Amino acid sequence: MSLFSAIIIAFLFPTGAGTLHLKQVTEIGIGFIFFFYGLKLSFTEVAQGLKNYKLHVLIQLSTFVLFPLILLGLKPLLISLVGETFWIGLFFLAALPSTVSSSVVMVSLAKGNVPSAIFNASISGLIGAFVTPLWIGIIVSQSGGMSLGDVFLKLIIQILLPLVIGLLLNKKLGHIAKKNSAKIALYDKTIIVLIVYASFCTSILAHMFDGISWLNFVFLFSTVFVLFWFVIGVIYYISLKLKLSIADRITATFCGTKKSLVHASAMVNIIFANNVSASLYLLPVMVYHITQIVILAIAANRIGKRTLKEVE
(Lines give C-alpha, C1' and ligand atoms only; values in the text may rest on other atoms or scores of the structure.)
Protein backbone atom coordinates (compact mmCIF):
# COMPACT_ATOMS: atom_id res chain seq x y z
CA MET A 1 0.00 0.00 0.00
CA SER A 2 2.88 2.34 0.76
CA LEU A 3 4.42 1.71 -2.67
CA PHE A 4 1.21 2.49 -4.54
CA SER A 5 0.59 5.50 -2.29
CA ALA A 6 4.06 6.79 -3.22
CA ILE A 7 3.17 6.50 -6.92
CA ILE A 8 -0.11 8.38 -6.45
CA ILE A 9 1.63 11.14 -4.47
CA ALA A 10 4.27 11.39 -7.20
CA PHE A 11 1.54 12.05 -9.79
CA LEU A 12 -0.03 14.67 -7.50
CA PHE A 13 3.23 16.32 -6.36
CA PRO A 14 5.94 15.50 -8.93
CA THR A 15 8.25 18.31 -7.76
CA GLY A 16 8.40 16.98 -4.20
CA ALA A 17 11.49 14.83 -4.77
CA GLY A 18 13.56 17.84 -5.81
CA THR A 19 12.22 20.02 -3.01
CA LEU A 20 13.07 17.38 -0.38
CA HIS A 21 16.48 16.58 -1.98
CA LEU A 22 15.54 12.89 -2.06
CA LYS A 23 18.34 12.01 -4.49
CA GLN A 24 20.95 12.80 -1.84
CA VAL A 25 18.86 11.28 0.96
CA THR A 26 18.34 7.97 -0.85
CA GLU A 27 22.01 7.72 -1.92
CA ILE A 28 23.03 7.85 1.75
CA GLY A 29 20.11 5.60 2.68
CA ILE A 30 21.22 2.90 0.23
CA GLY A 31 24.64 2.76 1.87
CA PHE A 32 23.08 2.15 5.28
CA ILE A 33 20.76 -0.54 3.86
CA PHE A 34 23.75 -2.63 2.80
CA PHE A 35 25.72 -1.76 5.94
CA PHE A 36 22.88 -3.21 8.04
CA TYR A 37 22.64 -6.17 5.65
CA GLY A 38 26.31 -7.00 6.28
CA LEU A 39 25.92 -6.37 10.00
CA LYS A 40 23.08 -8.92 10.28
CA LEU A 41 24.75 -11.60 8.15
CA SER A 42 25.78 -14.43 10.47
CA PHE A 43 28.39 -16.75 8.97
CA THR A 44 27.48 -19.40 11.55
CA GLU A 45 23.89 -19.56 10.33
CA VAL A 46 24.93 -19.36 6.70
CA ALA A 47 27.29 -22.33 7.12
CA GLN A 48 24.43 -24.64 8.15
CA GLY A 49 23.36 -26.94 5.35
CA LEU A 50 26.45 -26.08 3.27
CA LYS A 51 26.98 -29.67 2.14
CA ASN A 52 23.73 -29.80 0.16
CA TYR A 53 25.52 -28.65 -2.99
CA LYS A 54 22.91 -29.83 -5.53
CA LEU A 55 20.26 -27.65 -3.95
CA HIS A 56 22.58 -24.63 -3.62
CA VAL A 57 23.76 -24.82 -7.23
CA LEU A 58 20.18 -25.18 -8.50
CA ILE A 59 18.93 -22.15 -6.55
CA GLN A 60 21.82 -19.85 -7.48
CA LEU A 61 21.80 -20.86 -11.16
CA SER A 62 18.03 -20.39 -11.25
CA THR A 63 18.35 -16.92 -9.73
CA PHE A 64 21.26 -15.55 -11.74
CA VAL A 65 21.41 -17.64 -14.94
CA LEU A 66 18.09 -19.34 -15.74
CA PHE A 67 15.93 -16.28 -15.06
CA PRO A 68 18.02 -13.83 -17.17
CA LEU A 69 18.41 -16.35 -20.02
CA ILE A 70 14.64 -16.80 -20.19
CA LEU A 71 14.22 -13.03 -20.59
CA LEU A 72 16.94 -12.89 -23.24
CA GLY A 73 15.28 -15.72 -25.16
CA LEU A 74 11.90 -13.99 -25.01
CA LYS A 75 13.28 -10.54 -25.86
CA PRO A 76 11.75 -10.19 -29.39
CA LEU A 77 8.32 -11.36 -28.18
CA LEU A 78 8.31 -9.23 -25.03
CA ILE A 79 9.50 -6.08 -26.80
CA SER A 80 6.62 -6.47 -29.27
CA LEU A 81 4.17 -6.76 -26.34
CA VAL A 82 5.45 -4.30 -23.73
CA GLY A 83 8.11 -2.23 -25.51
CA GLU A 84 11.88 -2.04 -25.00
CA THR A 85 11.73 0.09 -21.83
CA PHE A 86 9.58 -2.42 -19.96
CA TRP A 87 11.71 -5.27 -21.33
CA ILE A 88 14.78 -3.70 -19.70
CA GLY A 89 12.73 -3.52 -16.50
CA LEU A 90 11.83 -7.19 -16.83
CA PHE A 91 15.47 -8.13 -17.41
CA PHE A 92 16.44 -6.01 -14.39
CA LEU A 93 13.93 -8.10 -12.41
CA ALA A 94 15.41 -11.34 -13.79
CA ALA A 95 18.96 -10.42 -12.76
CA LEU A 96 18.12 -9.54 -9.13
CA PRO A 97 19.12 -11.68 -6.12
CA SER A 98 16.65 -13.47 -3.88
CA THR A 99 15.17 -12.03 -0.71
CA VAL A 100 16.39 -13.15 2.71
CA SER A 101 13.67 -12.81 5.35
CA SER A 102 10.59 -13.66 3.28
CA SER A 103 12.31 -16.62 1.58
CA VAL A 104 13.24 -18.15 4.93
CA VAL A 105 9.82 -17.47 6.48
CA MET A 106 7.93 -19.02 3.58
CA VAL A 107 10.20 -22.07 3.37
CA SER A 108 9.62 -22.54 7.10
CA LEU A 109 5.83 -22.28 6.66
CA ALA A 110 5.94 -24.84 3.83
CA LYS A 111 8.09 -27.21 5.96
CA GLY A 112 11.07 -26.96 3.63
CA ASN A 113 14.80 -27.07 4.36
CA VAL A 114 15.21 -23.93 6.52
CA PRO A 115 19.04 -24.08 7.06
CA SER A 116 19.57 -24.33 3.30
CA ALA A 117 17.07 -21.51 2.76
CA ILE A 118 19.05 -19.30 5.15
CA PHE A 119 22.29 -20.16 3.37
CA ASN A 120 20.96 -19.55 -0.16
CA ALA A 121 18.98 -16.41 0.63
CA SER A 122 21.98 -14.88 2.40
CA ILE A 123 24.58 -15.85 -0.19
CA SER A 124 22.24 -14.67 -2.97
CA GLY A 125 22.50 -11.09 -1.76
CA LEU A 126 26.30 -11.27 -1.76
CA ILE A 127 26.44 -12.79 -5.24
CA GLY A 128 23.88 -10.30 -6.49
CA ALA A 129 26.04 -7.37 -5.43
CA PHE A 130 28.42 -8.46 -8.22
CA VAL A 131 26.32 -10.38 -10.75
CA THR A 132 23.25 -8.12 -11.00
CA PRO A 133 25.19 -4.96 -11.97
CA LEU A 134 27.30 -7.06 -14.35
CA TRP A 135 24.20 -8.36 -16.16
CA ILE A 136 22.55 -4.92 -16.24
CA GLY A 137 25.77 -3.15 -17.11
CA ILE A 138 26.12 -5.29 -20.23
CA ILE A 139 22.52 -4.65 -21.28
CA VAL A 140 22.61 -0.92 -20.54
CA SER A 141 25.94 -0.55 -22.35
CA GLN A 142 24.45 -2.31 -25.38
CA SER A 143 21.50 0.07 -25.24
CA GLY A 144 23.80 3.09 -25.29
CA GLY A 145 23.39 3.89 -21.60
CA MET A 146 25.81 3.95 -18.68
CA SER A 147 29.20 2.34 -19.18
CA LEU A 148 30.06 -0.80 -17.24
CA GLY A 149 32.91 1.05 -15.53
CA ASP A 150 30.53 3.68 -14.16
CA VAL A 151 28.18 0.97 -12.91
CA PHE A 152 30.89 -0.80 -10.92
CA LEU A 153 32.36 2.40 -9.51
CA LYS A 154 28.98 3.34 -8.07
CA LEU A 155 28.52 -0.28 -6.96
CA ILE A 156 31.75 -0.23 -4.95
CA ILE A 157 31.03 3.10 -3.27
CA GLN A 158 27.35 2.65 -2.42
CA ILE A 159 26.94 -1.11 -1.98
CA LEU A 160 30.15 -3.13 -1.62
CA LEU A 161 32.00 -0.78 0.75
CA PRO A 162 29.11 -0.46 3.26
CA LEU A 163 28.46 -4.21 2.95
CA VAL A 164 32.09 -5.12 3.73
CA ILE A 165 32.19 -2.71 6.69
CA GLY A 166 29.02 -4.34 8.04
CA LEU A 167 30.49 -7.82 7.61
CA LEU A 168 33.66 -6.83 9.43
CA LEU A 169 31.65 -5.43 12.36
CA ASN A 170 29.30 -8.43 12.51
CA LYS A 171 30.97 -10.12 15.48
CA LYS A 172 30.98 -6.94 17.59
CA LEU A 173 27.69 -5.31 16.57
CA GLY A 174 25.73 -8.11 14.91
CA HIS A 175 23.74 -8.85 18.06
CA ILE A 176 22.58 -5.22 18.23
CA ALA A 177 21.39 -5.37 14.62
CA LYS A 178 19.43 -8.57 15.31
CA LYS A 179 17.76 -7.05 18.38
CA ASN A 180 16.70 -4.08 16.29
CA SER A 181 15.79 -6.07 13.17
CA ALA A 182 12.21 -4.72 13.17
CA LYS A 183 13.47 -1.12 13.18
CA ILE A 184 16.01 -1.90 10.45
CA ALA A 185 13.28 -3.51 8.35
CA LEU A 186 11.14 -0.37 8.76
CA TYR A 187 14.14 1.75 7.73
CA ASP A 188 14.69 -0.42 4.62
CA LYS A 189 11.05 -0.09 3.62
CA THR A 190 11.10 3.67 4.16
CA ILE A 191 14.10 4.10 1.85
CA ILE A 192 12.40 1.87 -0.76
CA VAL A 193 9.25 4.01 -0.69
CA LEU A 194 11.31 7.21 -1.03
CA ILE A 195 13.23 5.76 -3.99
CA VAL A 196 9.97 4.74 -5.69
CA TYR A 197 8.51 8.20 -5.11
CA ALA A 198 11.63 9.99 -6.39
CA SER A 199 11.88 7.72 -9.45
CA PHE A 200 8.27 8.32 -10.45
CA CYS A 201 8.63 12.07 -9.88
CA THR A 202 11.53 12.15 -12.35
CA SER A 203 9.63 10.10 -14.94
CA ILE A 204 6.46 12.16 -14.59
CA LEU A 205 8.29 15.47 -14.98
CA ALA A 206 9.95 14.05 -18.12
CA HIS A 207 6.52 12.93 -19.45
CA MET A 208 7.74 9.33 -19.74
CA PHE A 209 4.23 7.92 -19.25
CA ASP A 210 2.69 9.96 -22.07
CA GLY A 211 3.62 7.48 -24.81
CA ILE A 212 2.62 4.33 -22.90
CA SER A 213 -0.86 2.90 -23.46
CA TRP A 214 -2.96 1.06 -20.92
CA LEU A 215 -2.56 -2.01 -23.11
CA ASN A 216 1.22 -1.93 -22.44
CA PHE A 217 0.52 -2.02 -18.70
CA VAL A 218 -1.94 -4.89 -19.09
CA PHE A 219 0.63 -6.87 -21.10
CA LEU A 220 3.29 -6.06 -18.49
CA PHE A 221 1.20 -7.33 -15.57
CA SER A 222 0.23 -10.44 -17.53
CA THR A 223 3.86 -11.10 -18.50
CA VAL A 224 5.04 -10.85 -14.89
CA PHE A 225 2.31 -13.27 -13.74
CA VAL A 226 3.05 -15.82 -16.48
CA LEU A 227 6.82 -15.47 -15.99
CA PHE A 228 6.45 -16.18 -12.27
CA TRP A 229 4.57 -19.45 -12.83
CA PHE A 230 6.82 -20.50 -15.72
CA VAL A 231 9.98 -20.17 -13.61
CA ILE A 232 8.35 -22.06 -10.73
CA GLY A 233 7.48 -24.89 -13.12
CA VAL A 234 10.99 -25.07 -14.60
CA ILE A 235 12.71 -25.09 -11.20
CA TYR A 236 10.35 -27.72 -9.81
CA TYR A 237 10.84 -29.92 -12.89
CA ILE A 238 14.65 -29.69 -12.55
CA SER A 239 14.46 -30.47 -8.82
CA LEU A 240 12.46 -33.61 -9.65
CA LYS A 241 15.06 -34.68 -12.22
CA LEU A 242 17.79 -34.16 -9.60
CA LYS A 243 15.78 -36.40 -7.24
CA LEU A 244 15.78 -33.85 -4.44
CA SER A 245 13.76 -34.55 -1.29
CA ILE A 246 10.35 -32.88 -0.81
CA ALA A 247 11.87 -30.39 1.66
CA ASP A 248 14.63 -29.49 -0.81
CA ARG A 249 12.17 -29.16 -3.70
CA ILE A 250 10.15 -26.69 -1.63
CA THR A 251 13.30 -24.72 -0.80
CA ALA A 252 14.50 -24.68 -4.42
CA THR A 253 11.12 -23.51 -5.72
CA PHE A 254 10.64 -20.79 -3.11
CA CYS A 255 14.20 -19.43 -2.97
CA GLY A 256 14.89 -19.78 -6.71
CA THR A 257 11.88 -17.68 -7.74
CA LYS A 258 12.06 -14.88 -5.16
CA LYS A 259 13.42 -11.47 -6.16
CA SER A 260 14.50 -8.72 -3.75
CA LEU A 261 12.72 -5.37 -3.91
CA VAL A 262 15.32 -3.97 -1.48
CA HIS A 263 18.17 -4.73 -3.89
CA ALA A 264 16.08 -3.53 -6.83
CA SER A 265 15.36 -0.17 -5.20
CA ALA A 266 18.99 0.33 -4.25
CA MET A 267 20.44 -0.74 -7.59
CA VAL A 268 17.96 1.21 -9.72
CA ASN A 269 19.23 4.32 -7.96
CA ILE A 270 22.82 3.38 -8.83
CA ILE A 271 22.65 1.69 -12.22
CA PHE A 272 19.98 3.97 -13.68
CA ALA A 273 20.96 7.16 -11.88
CA ASN A 274 19.67 10.31 -13.67
CA ASN A 275 17.73 8.07 -16.07
CA VAL A 276 14.18 9.39 -16.55
CA SER A 277 12.97 5.83 -17.22
CA ALA A 278 14.09 4.55 -13.79
CA SER A 279 10.54 4.21 -12.46
CA LEU A 280 9.54 2.22 -15.55
CA TYR A 281 12.43 -0.18 -14.91
CA LEU A 282 11.32 -0.54 -11.28
CA LEU A 283 7.62 -1.12 -12.04
CA PRO A 284 7.98 -4.80 -13.15
CA VAL A 285 9.88 -5.54 -9.93
CA MET A 286 7.11 -3.99 -7.83
CA VAL A 287 4.44 -6.03 -9.63
CA TYR A 288 6.52 -9.22 -9.29
CA HIS A 289 7.16 -8.49 -5.61
CA ILE A 290 3.45 -8.28 -4.85
CA THR A 291 2.75 -11.39 -6.97
CA GLN A 292 5.40 -13.51 -5.24
CA ILE A 293 4.38 -12.43 -1.74
CA VAL A 294 0.67 -13.17 -2.22
CA ILE A 295 0.96 -16.42 -4.20
CA LEU A 296 3.86 -17.95 -2.26
CA ALA A 297 2.31 -17.05 1.10
CA ILE A 298 -0.87 -18.94 0.16
CA ALA A 299 1.14 -21.83 -1.30
CA ALA A 300 3.45 -22.03 1.72
CA ASN A 301 0.55 -22.41 4.15
CA ARG A 302 -1.19 -25.06 2.02
CA ILE A 303 2.00 -27.06 1.41
CA GLY A 304 2.90 -26.84 5.10
CA LYS A 305 -0.50 -28.19 6.22
CA ARG A 306 -0.33 -30.99 3.62
CA THR A 307 3.20 -31.94 4.74
CA LEU A 308 2.07 -32.13 8.38
CA LYS A 309 -0.82 -34.44 7.43
CA GLU A 310 1.56 -36.72 5.50
CA VAL A 311 3.90 -36.89 8.52
CA GLU A 312 0.99 -37.72 10.83
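What comes next is a walk through the structure. Keep in mind the model is a prediction, meaning the values are calculated, not measured.

Basis of the calculations
- Residues numbered from 1 in each chain as written.
- Predicted model: local features only at pLDDT ≥ 70, side-chain atom pairs only at ≥ 80, totals over all residues.
- Heavy atoms only, no water.
- Phe/Tyr/Trp six-rings, centres within 6.5 Å; stacked < 30°, edge-to-face > 60°.
- Lys NZ or Arg CZ within 6 Å of the ring centre and 35° of its normal.
- 1 Å grid on protein atoms, 1.4 Å probe; cavity = no way out; pocket = protein on both sides within 12 Å on 5 of 7 lines; lining within 4 Å.
- Points joined across faces, edges and corners; volume = space filled by probe spheres on them.
- Helix = DSSP H or I, 4+ residues; strand = E, 2+ residues; numbered from the N terminus.
- Nonpolar A, V, L, I, M, F, W, Y, C, P; charged D, E, K, R; others polar.
- Axes fitted to C-alpha atoms, helices over the stretch in contact; angles between N-to-C directions.
- Parallel < 35°, antiparallel > 145°, perpendicular 65-115°, else oblique.
- Left-handed = near helix turned anticlockwise from the far one by under 90°.
- Contact = heavy atoms within 4.5 Å.

### Concerning the packing of aromatic side chains
And then number 1: This structure, assessed with the given rule, holds 13 aromatic pairs.
And then number 2: Aromatic pair Phe228 and Trp229: ring centres 5.7 Å apart, planes at 80 degrees, arrangement edge-to-face.
And then number 3: Aromatic ring contacts, followed pair by pair, group Phe67, Phe225, Phe228, Trp229 and Tyr288 into a single cluster.
And then number 4: Geometry around Trp87 places Lys75 over its ring, the cationic atom sitting 4.8 Å from the centre.

### Observations regarding the layout of surface pockets
And then number 1: In this model, the largest pocket occupies a volume close to 1,100 Å³.
And then number 2: In terms of lining residues, the largest pocket is bounded by 34 residues, among which Lys40, Ser101, Ala185, Asp188 and Val262 are the most central.
And then number 3: Listed by contribution, the elements that provide at least two residues to the lining of the largest pocket are helix 1 (2-12), helix 3 (22-40), helix 4 (43-47), helix 8 (101-109), helix 9 (114-142), helix 12 (181-205), helix 15 (261-271) and helix 16 (278-311).
And then number 4: Among the elements that line the lining of the largest pocket, the one with the most residues is helix 12, at seven residues.
And then number 5: Of the residues in the lining of the largest pocket, the class split is 18 nonpolar, 11 polar and five charged.

### Points about the packing of helix 1 against helix 12
And then number 1: With their axes 8 Å apart at the nearest point, helix 1 and helix 12 run at an angle of 30 degrees to one another. The pairing of helix 1 with helix 12 is recorded here as roughly parallel in orientation. Like other packed secondary-structure pairs, helix 1 and helix 12 cross with a definite hand, here right-handed. Here helix 1 contributes Ser2, Leu3, Ala6, Ile7, Ile9, Ala10 and Phe11 to the contact with helix 12, which in turn contributes Ile192, Val193, Val196, Tyr197, Phe200, Cys201 and Ile204.
And then number 2: Of the residues in the contact of helix 1 with helix 12, the class split is 13 nonpolar, one polar and no charged.

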